[in-house]
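Architecture at a glance
The chain contents come next:
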Amino acid sequence: MTPTAPRNDWPEPTPEQTRVLLLGTSHLDSPRVAGVLGDDRQREFEALTDRLADWEPDTVAVERSHRHQDHVDALYTDYRTGERAFDEQYTIESPRMGMDDPEVTCQSEVVQIGFRLAAHLDHDRVHAVDSMMDMAAHLDRDVDDEWFEEQVDAAVESLPEFLVPDYADHVEKWDNASVTEFLAWYNREEHLRTNDRTHFAGAFGGPEDRYVGSRLLTGWYERNLKTAENLRRVAGGTDTDRVVLVVGQGHVHVLRHLLDNVPLLCPVSPVPVLED
(Lines give C-alpha, C1' and ligand atoms only; values in the text may rest on other atoms or scores of the structure.)
Protein backbone atom coordinates (compact mmCIF):
# COMPACT_ATOMS: atom_id res chain seq x y z
CA MET A 1 0.00 0.00 0.00
CA THR A 2 1.27 3.47 -0.81
CA PRO A 3 0.24 6.76 0.82
CA THR A 4 -2.40 8.85 -0.85
CA ALA A 5 -1.42 12.25 -2.20
CA PRO A 6 -1.59 15.08 0.35
CA ARG A 7 -4.79 17.05 0.16
CA ASN A 8 -5.85 20.45 1.36
CA ASP A 9 -8.59 20.22 3.97
CA TRP A 10 -8.48 23.83 5.15
CA PRO A 11 -11.81 25.66 4.76
CA GLU A 12 -12.13 29.12 3.27
CA PRO A 13 -13.09 31.71 5.93
CA THR A 14 -16.15 33.89 5.46
CA PRO A 15 -16.10 37.59 6.45
CA GLU A 16 -18.02 37.09 9.70
CA GLN A 17 -15.76 34.31 10.99
CA THR A 18 -12.80 34.64 13.34
CA ARG A 19 -9.74 33.02 11.80
CA VAL A 20 -7.83 30.67 14.10
CA LEU A 21 -4.30 29.98 12.86
CA LEU A 22 -3.35 26.53 14.18
CA LEU A 23 0.42 26.67 14.62
CA GLY A 24 1.41 23.07 15.27
CA THR A 25 4.73 22.73 17.09
CA SER A 26 6.86 20.06 18.63
CA HIS A 27 7.18 20.40 22.37
CA LEU A 28 10.32 22.49 22.50
CA ASP A 29 11.26 21.44 26.03
CA SER A 30 11.57 17.83 24.85
CA PRO A 31 15.05 16.25 25.05
CA ARG A 32 14.78 15.64 21.29
CA VAL A 33 14.78 19.39 20.59
CA ALA A 34 18.23 20.86 21.13
CA GLY A 35 19.56 24.38 21.39
CA VAL A 36 16.33 26.30 22.00
CA LEU A 37 18.02 28.86 24.26
CA GLY A 38 21.11 29.33 22.08
CA ASP A 39 21.84 32.68 20.45
CA ASP A 40 21.15 31.48 16.90
CA ARG A 41 17.83 29.89 17.82
CA GLN A 42 16.78 32.95 19.78
CA ARG A 43 17.34 35.10 16.69
CA GLU A 44 15.27 32.60 14.70
CA PHE A 45 12.41 32.83 17.22
CA GLU A 46 12.52 36.60 16.79
CA ALA A 47 12.28 36.17 13.01
CA LEU A 48 9.34 33.78 13.46
CA THR A 49 7.68 36.34 15.73
CA ASP A 50 8.02 39.05 13.10
CA ARG A 51 6.43 36.80 10.50
CA LEU A 52 3.50 35.84 12.74
CA ALA A 53 3.02 39.46 13.78
CA ASP A 54 2.67 40.43 10.12
CA TRP A 55 -0.48 38.26 10.08
CA GLU A 56 -1.85 40.78 12.63
CA PRO A 57 -3.43 38.49 15.24
CA ASP A 58 -5.70 40.08 17.83
CA THR A 59 -5.23 37.22 20.28
CA VAL A 60 -2.58 34.65 21.17
CA ALA A 61 -3.66 31.35 22.76
CA VAL A 62 -1.52 28.49 24.06
CA GLU A 63 -1.77 24.86 25.09
CA ARG A 64 -2.07 25.45 28.83
CA SER A 65 -5.00 24.57 31.08
CA HIS A 66 -7.69 27.26 31.06
CA ARG A 67 -8.27 26.50 34.74
CA HIS A 68 -4.94 28.08 35.54
CA GLN A 69 -5.15 31.26 33.54
CA ASP A 70 -3.94 33.12 36.62
CA HIS A 71 -0.69 31.14 36.58
CA VAL A 72 -0.17 31.93 32.87
CA ASP A 73 -0.98 35.60 33.57
CA ALA A 74 1.66 35.80 36.30
CA LEU A 75 4.36 34.23 34.14
CA TYR A 76 3.50 36.38 31.14
CA THR A 77 3.67 39.52 33.30
CA ASP A 78 7.19 38.50 34.35
CA TYR A 79 8.25 38.43 30.71
CA ARG A 80 6.63 41.72 29.81
CA THR A 81 8.26 43.50 32.75
CA GLY A 82 11.68 41.93 32.16
CA GLU A 83 11.54 39.93 35.39
CA ARG A 84 12.30 36.89 33.26
CA ALA A 85 14.22 36.58 30.00
CA PHE A 86 13.45 34.38 27.02
CA ASP A 87 16.95 32.86 26.98
CA GLU A 88 17.28 31.86 30.64
CA GLN A 89 17.15 28.30 31.93
CA TYR A 90 14.53 27.61 34.57
CA THR A 91 11.61 25.44 35.57
CA ILE A 92 8.56 26.61 37.54
CA GLU A 93 6.11 24.33 39.24
CA SER A 94 2.58 25.53 39.71
CA PRO A 95 1.16 25.39 43.25
CA ARG A 96 -1.35 22.91 41.82
CA MET A 97 1.01 20.60 39.95
CA GLY A 98 -0.85 17.78 38.29
CA MET A 99 -2.09 16.38 35.01
CA ASP A 100 -3.88 19.59 34.10
CA ASP A 101 -1.14 21.97 35.29
CA PRO A 102 2.35 20.72 34.35
CA GLU A 103 5.56 22.56 35.07
CA VAL A 104 6.66 25.43 32.85
CA THR A 105 10.11 25.67 31.32
CA CYS A 106 11.51 28.63 29.46
CA GLN A 107 12.26 26.34 26.51
CA SER A 108 8.59 25.52 25.97
CA GLU A 109 6.68 26.77 22.94
CA VAL A 110 4.28 28.50 25.35
CA VAL A 111 7.09 30.91 26.24
CA GLN A 112 9.29 30.93 23.16
CA ILE A 113 6.46 31.43 20.66
CA GLY A 114 3.27 32.33 22.56
CA PHE A 115 4.64 34.77 25.14
CA ARG A 116 7.15 36.24 22.72
CA LEU A 117 4.53 36.93 20.04
CA ALA A 118 2.01 38.41 22.50
CA ALA A 119 4.66 40.65 24.07
CA HIS A 120 5.79 41.80 20.62
CA LEU A 121 2.20 42.76 19.85
CA ASP A 122 1.79 44.41 23.27
CA HIS A 123 -1.12 42.16 24.21
CA ASP A 124 -2.26 42.27 27.82
CA ARG A 125 -2.84 38.53 28.08
CA VAL A 126 -1.94 35.16 26.61
CA HIS A 127 -5.04 32.95 26.69
CA ALA A 128 -4.80 29.44 28.13
CA VAL A 129 -7.33 27.34 26.22
CA ASP A 130 -6.37 23.71 26.79
CA SER A 131 -8.39 21.33 28.94
CA MET A 132 -5.72 18.95 30.14
CA MET A 133 -7.04 15.55 31.15
CA ASP A 134 -5.93 11.98 31.51
CA MET A 135 -6.71 10.29 28.21
CA ALA A 136 -7.19 7.05 30.14
CA ALA A 137 -10.08 8.56 32.13
CA HIS A 138 -12.62 6.52 30.16
CA LEU A 139 -10.81 3.21 30.59
CA ASP A 140 -11.68 0.46 33.04
CA ARG A 141 -9.64 0.48 36.20
CA ASP A 142 -8.20 -2.91 35.34
CA VAL A 143 -6.57 -1.53 32.15
CA ASP A 144 -3.19 -0.67 33.59
CA ASP A 145 -0.56 1.48 31.86
CA GLU A 146 1.84 -1.38 31.18
CA TRP A 147 -0.82 -3.48 29.46
CA PHE A 148 -1.99 -0.56 27.37
CA GLU A 149 1.53 0.44 26.29
CA GLU A 150 2.14 -3.12 25.14
CA GLN A 151 -1.01 -3.01 22.99
CA VAL A 152 -0.07 0.32 21.42
CA ASP A 153 3.51 -0.82 20.73
CA ALA A 154 2.22 -3.97 19.04
CA ALA A 155 -0.24 -1.97 16.96
CA VAL A 156 2.36 0.57 15.82
CA GLU A 157 4.75 -2.23 14.85
CA SER A 158 2.05 -3.63 12.56
CA LEU A 159 1.48 -0.32 10.74
CA PRO A 160 2.59 0.23 7.13
CA GLU A 161 5.91 2.04 7.12
CA PHE A 162 4.49 5.26 5.69
CA LEU A 163 2.14 5.62 8.69
CA VAL A 164 4.86 5.41 11.32
CA PRO A 165 6.25 8.84 12.32
CA ASP A 166 9.97 9.08 11.64
CA TYR A 167 11.29 10.78 14.76
CA ALA A 168 14.84 10.64 13.43
CA ASP A 169 13.65 12.63 10.40
CA HIS A 170 11.98 15.09 12.77
CA VAL A 171 15.20 15.58 14.75
CA GLU A 172 17.31 15.89 11.60
CA LYS A 173 14.97 18.54 10.19
CA TRP A 174 15.10 20.55 13.43
CA ASP A 175 18.90 20.35 13.47
CA ASN A 176 19.28 21.53 9.87
CA ALA A 177 16.55 24.16 9.43
CA SER A 178 15.58 27.48 10.94
CA VAL A 179 12.67 27.52 13.38
CA THR A 180 10.37 28.98 10.72
CA GLU A 181 11.47 26.44 8.10
CA PHE A 182 10.98 23.58 10.55
CA LEU A 183 7.46 24.69 11.49
CA ALA A 184 6.47 25.16 7.83
CA TRP A 185 7.64 21.60 7.13
CA TYR A 186 6.04 20.20 10.30
CA ASN A 187 2.63 21.69 9.43
CA ARG A 188 2.43 20.28 5.92
CA GLU A 189 -0.63 18.16 5.26
CA GLU A 190 1.18 14.83 4.99
CA HIS A 191 2.65 15.23 8.46
CA LEU A 192 -0.64 16.26 10.07
CA ARG A 193 -2.50 13.26 8.65
CA THR A 194 0.25 10.77 9.50
CA ASN A 195 0.16 11.80 13.14
CA ASP A 196 -3.62 11.47 13.37
CA ARG A 197 -3.72 8.14 11.57
CA THR A 198 -1.09 6.82 13.95
CA HIS A 199 -3.24 7.79 16.93
CA PHE A 200 -6.14 5.79 15.55
CA ALA A 201 -4.12 2.82 14.40
CA GLY A 202 -2.30 2.60 17.71
CA ALA A 203 -5.43 2.95 19.81
CA PHE A 204 -7.42 0.44 17.74
CA GLY A 205 -4.60 -2.08 17.55
CA GLY A 206 -5.21 -4.10 20.68
CA PRO A 207 -6.66 -7.63 20.52
CA GLU A 208 -9.07 -7.07 23.41
CA ASP A 209 -12.82 -6.64 22.86
CA ARG A 210 -13.38 -3.98 25.55
CA TYR A 211 -13.19 -1.04 23.13
CA VAL A 212 -10.07 0.28 24.82
CA GLY A 213 -9.07 2.20 21.71
CA SER A 214 -12.45 3.84 21.30
CA ARG A 215 -12.55 4.91 24.93
CA LEU A 216 -9.01 6.23 24.83
CA LEU A 217 -9.84 8.32 21.76
CA THR A 218 -12.99 9.53 23.52
CA GLY A 219 -10.67 11.17 26.05
CA TRP A 220 -8.52 12.64 23.27
CA TYR A 221 -11.54 14.10 21.47
CA GLU A 222 -13.08 15.35 24.72
CA ARG A 223 -9.90 17.31 25.42
CA ASN A 224 -9.88 18.84 21.95
CA LEU A 225 -13.62 19.58 22.04
CA LYS A 226 -13.15 21.51 25.26
CA THR A 227 -10.22 23.37 23.70
CA ALA A 228 -12.47 24.33 20.77
CA GLU A 229 -15.13 25.52 23.23
CA ASN A 230 -12.55 27.60 25.09
CA LEU A 231 -11.39 29.12 21.81
CA ARG A 232 -14.96 30.06 20.99
CA ARG A 233 -15.22 31.91 24.28
CA VAL A 234 -11.90 33.68 23.70
CA ALA A 235 -12.95 34.69 20.19
CA GLY A 236 -16.35 35.88 21.37
CA GLY A 237 -15.22 39.50 21.64
CA THR A 238 -16.31 41.81 18.86
CA ASP A 239 -12.73 42.97 18.27
CA THR A 240 -11.31 39.48 17.73
CA ASP A 241 -10.79 38.72 14.06
CA ARG A 242 -7.60 36.65 14.17
CA VAL A 243 -6.28 34.21 16.76
CA VAL A 244 -2.93 32.39 16.77
CA LEU A 245 -3.09 29.12 18.71
CA VAL A 246 0.32 27.64 19.60
CA VAL A 247 -0.39 23.95 20.11
CA GLY A 248 1.25 20.55 19.86
CA GLN A 249 1.17 19.44 16.24
CA GLY A 250 -0.74 16.27 17.12
CA HIS A 251 -3.80 18.39 17.95
CA VAL A 252 -3.97 20.26 14.64
CA HIS A 253 -5.78 17.72 12.48
CA VAL A 254 -8.58 17.08 14.98
CA LEU A 255 -8.90 20.76 15.97
CA ARG A 256 -9.22 21.70 12.32
CA HIS A 257 -12.17 19.34 11.96
CA LEU A 258 -13.82 20.54 15.17
CA LEU A 259 -13.33 24.26 14.52
CA ASP A 260 -14.67 23.86 11.00
CA ASN A 261 -17.97 22.95 12.65
CA VAL A 262 -18.06 25.99 14.95
CA PRO A 263 -20.04 28.51 12.89
CA LEU A 264 -18.19 31.68 13.89
CA LEU A 265 -14.67 30.21 13.79
CA CYS A 266 -12.53 29.11 10.84
CA PRO A 267 -9.29 27.13 11.22
CA VAL A 268 -6.41 28.51 9.15
CA SER A 269 -3.19 26.80 8.07
CA PRO A 270 0.06 28.45 9.19
CA VAL A 271 1.99 27.23 6.14
CA PRO A 272 1.21 30.22 3.86
CA VAL A 273 2.23 32.57 6.65
CA LEU A 274 5.46 30.67 7.31
CA GLU A 275 6.40 30.22 3.66
CA ASP A 276 5.25 33.55 2.22
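Everything below is about the structure printed above this text.
Residues numbered from 1 in each chain as written. Predicted model: local features only at pLDDT ≥ 70, side-chain atom pairs only at ≥ 80, totals over all residues. Heavy atoms only, no water.

1. Quick notes on a negative patch on the surface
- A cluster of acidic residues, Asp50, Asp54, Glu56, Asp58, Asp239, Asp241 and Asp276, forms a negative patch at the surface.
- For Asp58, the location among the structural elements is in the loop between α1 (39–54) and β2 (59–65).
- Judged by relative accessible area, which is 33%, Asp58 ranks as partly exposed. (Patch = residues over 30% accessible without salt bridge, like charges linked within 9 Å, V, L, I, M, F, W, Y side chains within 5 Å. Areas by Shrake-Rupley, 256 points an atom, 1.4 Å probe, with all protein chains shown as cover. Salt bridge = Lys/Arg side-chain N within 4 Å of Asp/Glu carboxyl O. Lys, Arg positive; Asp, Glu negative; His and termini not counted. Charge placed at Lys NZ, Arg CZ, Asp CG, Glu CD. Helix = DSSP H or I, 4+ residues; strand = E, 2+ residues; numbered from the N terminus. Buried < 20%, exposed > 50% of the residue type's maximum accessible area, 1.4 Å probe, protein only.)

2. Considering helix α9 (residues 252–259)
- Most of α9 is tucked away, with 7 of its 8 residues classed as buried.
- Turning to α9, its buried residues are Val252, His253, Val254, Leu255, Arg256, Leu258 and Leu259.

3. Quick word on the packing of aromatic side chains
- All chains considered together, the criterion is met by 7 aromatic pairs.
- Their ring planes at 40 degrees and their centres at 5.9 Å tell us that Phe182 and Trp185 sit as a pair that is tilted. Here Trp185 and Phe182 lie together in helix α6 (residues 179–186), a separation of 3 residues that amounts to about one turn. For the pair shown, Phe182 and Trp185 are each scored as buried.
- Site record: aromatic cluster; members linked through ring pairs are Tyr76, Tyr79, Phe86 and Phe115.
- One cation-aromatic arrangement involves Arg84 over Tyr90; the distance from NZ or CZ to the ring centre is 4.7 Å.
- Positioned over the ring face of Phe86 is Arg116, at 4.5 Å from the centre of the ring. (Phe/Tyr/Trp six-rings, centres within 6.5 Å; stacked < 30°, edge-to-face > 60°. Lys NZ or Arg CZ within 6 Å of the ring centre and 35° of its normal.)

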